[in-house]
Amino acid sequence: MARTAGARGRPGGCRRRWRCGRGALIACAAWTAGWVLAATLLLRAHPGVLSERCTDEKSRRILASLCRDYRGGALAGDLCEDLCVAGQLLYRRCLHYDRGKKVLQADWRGRPVILKSKEEAFSSFRPPGLLEEPAEAGGPGLPEADLLLLLAAEVKSALGLELAAGSLGPLWPGRRGARWRGQLASLWSLAQQEEFVLLSVLRGLSPHALPVLGSCGHFYAVEYLAAGSAHHRALFPLDGAPRRQARAVGDMALSFLDLVRHFDNDFSHRLHLCDVKPENFAIRRDFTVVAIDVDMAFFEPKMREILEQNCTGDEDCNFFDCFSKCDLRVNKCGAQRVNSNLQVVCDKIFRHWFSSTLQSSALSSGLQRQLREAVQECAAPGSPPRAPAVFRKLRRLLRAALRELREADK
């Protein structure tokens, strides 16, 4: 009581409790608002902050659950026997968890591979209702023609492409057998993963895309290649003396140009890359560039569907690295992308290389300057209309740079 009386007697003290309470509430609200704003800005700058922690213990549990489902007949796949029975597909380490997606490294018969799935649990993927209906005793179940129609619908949903039944071979599970329903359930779990569908469609068609090596349930395997990183001076791990590294950069840049040309022209629809960063690419021994994460790659029909959204300004029409324009008359983003794969590669990859990496090389100062200027022109907003000319200029300058470097080594 004495403490309370003393408090009341202090000059400037709160004479009424509700005034103190209101002041404390305002201060608390301001403090909370400040933290909410800080957290919002942090998440916008680093969206992976709240990503689930990637651990070996959890990864092993996920694969153990996959094998239980395999042994129970719920799923199937050409890698299941090696993973769950023969011990030929061995888990090595967890690479990445992100919003449900799981990326693991494993060894398959002595070969390093990546195991991927969009979701952790097989039960997260639901097959169409027709597949959940039990077949009559001794009956054949759903006819193959109907199954192909369902599969074509899944492909259209994933990629925006209408594929003929005859072109779905890479996705088809094969002949009916004892594990047929598990095969179908596994097929539909994979068909709901856009990256798997895209890589399957590109199988054998592109040196710049990873081939799918096999699958077990909802996990699929691709070749392991070391991803690029902004921490590397040349964005990708390179060995050797600076001049040798400069030649490697030239070879990689030419391969990036070939990737851009290939994705723009060699399929029935242009393939748009909406997340261009070193981490989404890798380099083979011959310096061929490979897109190793194509979750954000879309053929033209799907790209138009994604871009055509409501807007109040152009900033509402930016989908990662793929930009559109807002038509303020109807408050709708245009379906046509206004920048290009080449422009983004120049901005996100070539700027880094040709502002620093080749500076100390044997290249003449004139050629270095021309390369810098060409990259700046390529990366500048509004470059797509001149893209063919800029592409040819860059290719010519890169070939000239490689000739100079080879001559310097003689």
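Chemist: An account of the overall build of the protein chain is requested, with residue identities and associated values reported.
Modeler: Per the secondary structure count, the protein chain includes 13 helices and 13 strands. Evaluated residue by residue, the protein chain yields a buried proportion of 43% over its 410 residues. Here the analysis covers contacts within the protein chain between residues at least 6 apart in sequence; of these, 62% occur between residues at least 24 apart. Of the roughly 22400 Å² of accessible surface on the protein chain, 53% is carried by carbon and sulfur atoms.

Chemist: Could you give an account of the pattern of salt bridges, naming the residues involved and the relevant values?
Modeler: Counting across every chain of the model gives 27 salt bridges. Taking the shortest distance from any N to any O, the salt bridge between Lys325 and Asp314 comes out at 3.4 Å. Placement of Lys325 in the loop between strand S11 (322-323) and strand S12 (326-327) and of Asp314 in the loop between helix H10 (300-307) and strand S10 (318-319) is noted, with a sequence separation of 11 residues between them. Counted as one network, the salt bridges with shared partners bring together Glu52, Lys58, Lys102 and Glu120.

Chemist: Break down the side chain of His218 for me, citing the residues and quoting the values.
Modeler: Following the sequence through the fold, His218 ends up in the loop between strand S4 (212-216) and strand S5 (219-223). What makes His218 buried here is its relative accessible area of 2%. Apart from residues lying up to four places away in sequence, His218 is in contact with Leu66, Lys116, Ser117, Glu119, Glu120, Ala121, Phe122, Phe125, Ser189, Leu190 and Gln193.

Chemist: Break down helix H7 (residues 180-191) for me, citing the residues and quoting the values.
Modeler: For H7, built from 12 residues, the straight-helix expectation of 16 Å at 1.5 Å per residue is met to within 8% by its first-to-last C-alpha distance of 16 Å. Along H7, 10 of the 12 residues are buried, which leaves the element largely enclosed by surrounding structure. Taken together, the buried positions of H7 are occupied by Trp180, Gly182, Gln183, Leu184, Ser186, Leu187, Trp188, Ser189, Leu190 and Ala191.

Chemist: Account for the state of the cysteines, naming residues and giving values.
Modeler: For the coordinates displayed, the defined rule picks out seven disulfides. Disulfide pairing places Cys67 opposite Cys84 at an S-S distance of 2.1 Å. Residues Cys67 and Cys84 are joined by a disulfide whose S-S torsion is about -80 degrees; by sign, that bridge is left-handed. With Cys67 in helix H3 (residues 56-71) and Cys84 in helix H4 (residues 80-86), the pair connects residues that are 17 residues apart, well separated along the chain. The residues Cys67 and Cys84 share a single accessibility class, namely buried. A disulfide bridge connects Cys311 with Cys326, and the sulfur atoms are separated by 2.1 Å. Between Cys311 and Cys326, the S-S dihedral sits near 90 degrees, and the bridge is therefore right-handed. Here Cys326 lies in strand S12 and Cys311 lies in the loop between H10 and S10, a separation of 15 residues in the sequence. For the pair formed by Cys311 and Cys326, the shared burial category is buried.

Chemist: Tell me about the sheet that holds strand S1 (residues 89-98), and please be specific about residues and values.
Modeler: For sheets, the rule is that strands pair by backbone hydrogen bonds, running either parallel or antiparallel. The five strands lie next to each other as S1-S2-S3-S5-S4, forming an open sheet whose pairing is antiparallel. One side of each edge strand has no neighbouring strand; the edge strands of this open sheet are S1 and S4. Mean inter-strand twist for the sheet, computed between neighbouring axes without regard to direction, equals 25 degrees. Taken together, the seven bridges between strand S2 (residues 101-108) and strand S3 (residues 111-117) define a ladder with antiparallel strand orientation. For Trp108, the partnering residue across the bridge sits in S3 and is Arg111.

Chemist: Describe the packing of helix H12 (residues 365-379) against helix H13 (residues 387-409), naming the residues involved and giving the relevant values.
Modeler: Axis separation between H12 and H13 bottoms out at 10 Å; the angle between their running directions is 155 degrees. It follows from the interaxial angle that H12 and H13 lie roughly antiparallel. The hand of the H12/H13 crossing is left-handed. Contact residues: Leu367, Gln370, Leu371, Ala374, Val375, Glu377 and Cys378 in H12; Val390, Lys393, Leu394, Leu397, Leu398, Ala400, Ala401 and Glu404 in H13. When its residues are assigned to classes, the contact of H12 with H13 shows 11 nonpolar, one polar and three charged.

Chemist: Describe the environment of Leu187, with residues and values.
Modeler: Tracing the backbone through its elements, the reader meets Leu187 in helix H7. On a C-alpha basis, the gap between Leu187 and Leu151 in space is 8.8 Å, while along the polypeptide they are 36 residues apart.

Chemist: So what about unusual backbone geometry? Which residues, and what values?
Modeler: Residues other than glycine seldom take positive phi values, yet Leu235 does so here, at roughly 75 degrees. With respect to the secondary-structure elements, Leu235 resides in the loop between S5 and helix H9 (242-265).

Chemist: Break down the side chain of His262 for me, citing the residues and quoting the values.
Modeler: Its place among the elements puts His262 in helix H9. On the accessibility criterion, His262 (5% relative accessible area) is buried. Setting aside chain neighbours within four positions, we find His262 in contact with Leu205, Ser206, Pro207, His208 and Phe267.

Chemist: Tell me what's going on with the confidence of the model for the protein chain, and back it up with residues and numbers.
Modeler: In the predicted model, the protein chain carries a mean pLDDT of 85, and the fraction of residues at 70 or more is 79%. Contacts for the low-pLDDT stretch residues 1-20, under 50 throughout, to residues beyond four places or in other chains number one contact. Low confidence marks residues 25-50, where pLDDT is under 50. Its contacts with residues over four positions away, or in another chain, come to three contacts.

Thresholds applied
- Residues numbered from 1 in each chain as written.
- Predicted model: local features only at pLDDT ≥ 70, side-chain atom pairs only at ≥ 80, totals over all residues.
- Heavy atoms only, no water.
- Helix = DSSP H or I, 4+ residues; strand = E, 2+ residues; numbered from the N terminus.
- Buried < 20%, exposed > 50% of the residue type's maximum accessible area, 1.4 Å probe, protein only.
- Contact = heavy atoms within 4.5 Å.
- Areas by Shrake-Rupley, 256 points an atom, 1.4 Å probe, with all protein chains shown as cover.
- Salt bridge = Lys/Arg side-chain N within 4 Å of Asp/Glu carboxyl O.
- Expected span 1.5 Å × (residues − 1).
- Disulfide = S-S within 2.5 Å.
- Pairing = 2+ DSSP bridges.
- Axes fitted to C-alpha atoms, helices over the stretch in contact; angles between N-to-C directions.
- Parallel < 35°, antiparallel > 145°, perpendicular 65-115°, else oblique.
- Left-handed = near helix turned anticlockwise from the far one by under 90°.
- Nonpolar A, V, L, I, M, F, W, Y, C, P; charged D, E, K, R; others polar.
- pLDDT = per-residue confidence, 0-100.

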